[in-house]
Every structure is written in structure tokens, then in C-alpha cells.
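Here's the letter readout for the chains.
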Amino acid sequence: MAKTDEPKNRARKSVVSLKVTLRGTKPPVWRRLLMHDETTLGDLHQAIQATMGWRDSHLHAFDIDGRTYGDRHTDDDVADENHLTLKSLLKSGVTRFAYTYDFGDNWEHMVAIEKTQPTRAGGSYPACVAGKRNCPPEDCGGAWGYLHLLEVLADPTHPERAEQIEWIGAEFDPDEFAVAVADETLAARFNRK
């Protein structure tokens, strides 16, 4: 019986399904991402920024089993996020971890590793495949400030309403989210075709 030889350098890539949920928002703001298992935390940061709608204008960090990972160019007190991949997290048994963006507003996200699957022929990754609700505007004061902003915007007679609308720059619909737009933004960030 002949033995089939596959080239030893052909690594079988897997895709990891992640659910990223912004904590402190009700109903929750979340995104489902499909990422290659070789994706680093640095690239995951870029994917979260693109699909949530953040502008990447603040510091960030990942907290995984009590160890902090981030951009070593901006913070010496973190492990290098570009040296840890989703595959290595899976091997170590990690299923959930935290991602914080903007240490002033303290936007905390829970990242849940949902499953792994083989790459799909013709599939393009990374991809945003689902989500709900609009991301809060940057610099609105964290979860508490966002809830206050929603109260102000919901009340046409609120004395702060005109000021808040001017600050945001347009009407803000907290329920608005289009997966196609989020995925296009992600594709552009990663030069995905």
C-alpha cells in the first residue's frame, strides 16, 4: 500500500472564532471575529479596533491569566503582544481573557474563544461575521459616561442634548450596526482581498 506524503512544511491552519463583548453596556455591544490561529495579540488589537469602531488613539492591554500584554513601544511594563498567538493561548487552555482600551475611559472587553475550525477554501481572514449595537463614541467617559450619553440623547428636552449632539458630530444611533461595514473596515485594515 502506497503511503501518501504531504509536504512537511504545509502547516494546517485553523480559524479561531472569537466573541468580543464590551463590558458595562446594556444591551451588550459585541462582535464575532474569525481569525487565523497564528494571529498575534497585536493583530487581534487591530481587529478589535477596526470592528468595534474605535480609532486606536489610546493605549490598550490584554490581561491573560494575570499577565499583561501590550505594545512594548508604548509601555515597558507589559509583555510583548506580538509574541503571543491565538494558537499558543489555545494550547495553554485559555478560553477567555480581557482586553482594555483607553485607560482613562477604561473600556473593558471580554474576549471569549468559542471554537476552532479548519480554514475554508476561498475564505478570507480575519473576518467579522456578526455583532450587535454601535460602539460608544470615543472619550465619552467609559461605561458610566456612555449610559449618561444615551439618557441625554433619548430625551429631546434634556438641557445637555444639543451640546452632546454637537460633540458627537451627528445623530448617534446606539442600535446601529452593519456587519458588512465592520468586515469591510477589517478587510481594509489587514489589506484583505
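Residues numbered from 1 in each chain as written. Predicted model: local features only at pLDDT ≥ 70, side-chain atom pairs only at ≥ 80, totals over all residues. Heavy atoms only, no water.

Q: Hey, could you go over the packing of helix 1 (residues 41-52) against helix 5 (residues 179-189) for me, with residue numbers and the actual values?
A: For the pair helix 1 and helix 5, the least separation of the axes is 8 Å and the interaxial angle reads 140°. Pair helix 1 / helix 5 crosses with right-handed handedness. Of helix 5, the residues touching helix 1 (which contributes Gln-46, Ala-47, Gln-49, Ala-50 and Thr-51) are Ala-182, Thr-185, Leu-186 and Arg-189. Of the residues contributing to the contact of helix 1 with helix 5, the split by class is 4 nonpolar, 4 polar and 1 charged. (Axes fitted to C-alpha atoms, helices over the stretch in contact; angles between N-to-C directions. Helix = DSSP H or I, 4+ residues; strand = E, 2+ residues; numbered from the N terminus. Left-handed = near helix turned anticlockwise from the far one by under 90°. Contact = heavy atoms within 4.5 Å. Nonpolar A, V, L, I, M, F, W, Y, C, P; charged D, E, K, R; others polar.)

Q: Break down the nonpolar core for me, with residues and values.
A: Ranked by internal contacts, the top residues of the largest apolar core, which has 39 residues, are Leu-41, Leu-44, Ile-48, Phe-62, Ile-64, Leu-89 and Phe-97. Per element, the largest residue contribution to this core is 6 residues, and it comes from helix 1. Residues contacting Leu-44, with those up to four places away along its chain left out, are Leu-18, Leu-33, Met-35, Thr-39, Phe-62, Leu-86 and Phe-97. (Core = buried A, V, L, I, M, F, W, Y, C linked by side-chain atoms within 4.5 Å. Buried < 20%, exposed > 50% of the residue type's maximum accessible area, 1.4 Å probe, protein only.)

Q: Provide a residue-level description of the packing of helix 3 (residues 142-154) against helix 4 (residues 161-168), including the pertinent values.
A: Relative orientation of the contacting elements helix 3 and helix 4 amounts to 115°, with a least axis distance of 9 Å. In the packing of helix 3 onto helix 4, the handedness of the crossing is left-handed. Here Leu-149, Val-152 and Leu-153 of helix 3 lie close against helix 4, whose contacting residues are Arg-161, Gln-164, Ile-165 and Ile-168. Partitioned by chemical class, the residues of the contact of helix 3 with helix 4 number 5 nonpolar, 1 polar and 1 charged.

Q: Go over the packing of aromatic side chains with me, naming the residues and quoting the values.
A: Aromatic ring pairs are defined here through the distance separating the ring centres and the angle between the ring planes. Within the structure shown, the criterion is met by 6 aromatic pairs. Residues Phe-62 and Phe-97 carry aromatic rings whose centres are separated by 6.1 Å and whose planes lie at 55° to one another, so their mutual orientation is tilted. Placement of Phe-62 in strand 3 (residues 60-64) and of Phe-97 in strand 6 (residues 96-101) is noted, with a sequence separation of 35 residues between them. With a centroid separation of 6.2 Å and an interplanar angle of 85°, the aromatic rings of Tyr-146 and Phe-172 are classed as edge-to-face. With Tyr-146 in helix 3 and Phe-172 in the loop between helix 4 and helix 5, this residue pair connects regions lying 26 residues apart in the sequence. The exposure class assigned to Phe-172 is buried, which follows from its relative accessible area of 15%. (Phe/Tyr/Trp six-rings, centres within 6.5 Å; stacked < 30°, edge-to-face > 60°.)

Q: I'd like a description of the sheet that holds strand 1 (residues 14-22), backed by residues and values.
A: Pairing in this open sheet of 8 strands is mixed, and the strands run 5-4-3-6-7-1-2-8 from one edge to the other. A strand with exactly one partner marks an edge of an open sheet, and here the two such strands are strand 5 (79-80) and strand 8 (127-132). As paired elements, strand 2 (residues 29-36) and strand 8 share 5 bridges and run antiparallel to each other. Pairing of Leu-33 across the sheet is with Cys-128, part of strand 8. Packed onto the sheet, helix 1 meets strand 1, strand 2, strand 3, strand 4 (67-70), strand 6, strand 7 (107-118) and strand 8 and runs at close to 140° relative to strand 2. (Pairing = 2+ DSSP bridges.)

Q: How would you summarise the pairing of strand 1 if you had to cite specific residues and measurements?
A: Sheet topology note: the strand 1/strand 7 ladder contains 9 bridges and is antiparallel. Pairing of Val-20 across the sheet is with Val-111, part of strand 7. Where strand 1 and strand 2 come together, 8 bridges link them in antiparallel fashion. Bridging from a neighbouring strand, Lys-19 pairs with Arg-32 of strand 2. Between strand 1 and strand 2, which pair antiparallel one after the other, the connecting turn spans 6 residues, and Gly-24 there sits at a positive phi close to 85°.

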